[in-house]
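Listed below are the residues making up each chain.
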Amino acid sequence: LKPGATFAVYRDVFYWGVQASGTIRLDDNRQRYTFGNGAQTTSWLTYGARDWLSVSGRVRYEWMDSIDGEDDRLMTGTAPAVDSANYGGQWLEAGVGVTLRAPRGVLQGHRVAVEILWPVYQDLNGPQMERDYTVIAGWQKAW
């Protein structure tokens, strides 16, 4: 189950908002374990510098619970990667983005966006790799 809600406001050249979403695991899989439940919230502010250019800033918080249960085929205790408690954690990230939009011409309706997020805070459940940065890129076409 993935519930979520978004609130957004447009004011002149500014667009800001908040969004909250979650992941609720409803049942175990065939190996009798379930990935952890989680939640995410994000807030952003976008400035429309031109009709073809906008820049944005964003803060995102994510929480993910550890795995519930374990796969009986794995030899637990042999390596941290197979310990179900070593999954999930909390992350706070901040980022900046740029969006380019073609308002006319052959590329009208196309939009290209790039965003980079950096971790501000990380609290991981057990030994696992930390996040270094995240790059999100997309190309959209609206008609």
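See the structure shown above.
Residues numbered from 1 in each chain as written. Predicted model: local features only at pLDDT ≥ 70, side-chain atom pairs only at ≥ 80, totals over all residues. Heavy atoms only, no water.

### Observations regarding the overall build of the protein
Okay, step 1: Regarding its fold elements, the protein presents 0 helices and 9 strands.
Okay, step 2: Reading the protein from its N end, one meets helices and strands in the order β-β-β-β-β-β-β-β-β.
Okay, step 3: Relative to the 2.2 N^0.38 estimate, which gives 15 Å for 143 residues, the radius of gyration of the protein is 20 Å and therefore markedly larger than a compact globule would have.
Okay, step 4: Considering only C-alpha atoms, the protein reaches an extent of 60 × 30 × 25 Å along its principal axes.
Okay, step 5: Within the protein, the fraction of its 143 residues that count as buried is 22%.
Okay, step 6: Contacts in the protein between residues far apart in sequence, at least 24 positions, make up 53% of those at least 6 positions apart.
Okay, step 7: Total accessible area on the protein stands at roughly 10000 Å², and carbon and sulfur atoms take up 58% of it.
Okay, step 8: The positive charge centre, built from 14 side chains, and the negative charge centre, built from 16, are 15 Å apart in the protein. (Helix = DSSP H or I, 4+ residues; strand = E, 2+ residues; numbered from the N terminus. Rg over C-alpha atoms; globule rule 2.2 N^0.38 Å. Buried < 20%, exposed > 50% of the residue type's maximum accessible area, 1.4 Å probe, protein only. Contact = heavy atoms within 4.5 Å. Areas by Shrake-Rupley, 256 points an atom, 1.4 Å probe, with all protein chains shown as cover. Lys, Arg positive; Asp, Glu negative; His and termini not counted. Charge placed at Lys NZ, Arg CZ, Asp CG, Glu CD.)

### Details of the sheet that holds strand E2 (residues 14-23)
Okay, step 1: Pairing is antiparallel across the open sheet formed by 7 strands, whose spatial order is E1-E2-E4-E5-E7-E8-E9. At either margin of the open sheet sits one strand with a lone partner, and together these are strand E1 (4-11) and strand E9 (134-141). Taken pair by pair, the neighbouring strands of this sheet meet at an average axis angle of 15°, ignoring direction. (Pairing = 2+ DSSP bridges. Axes fitted to C-alpha atoms, helices over the stretch in contact; angles between N-to-C directions.)

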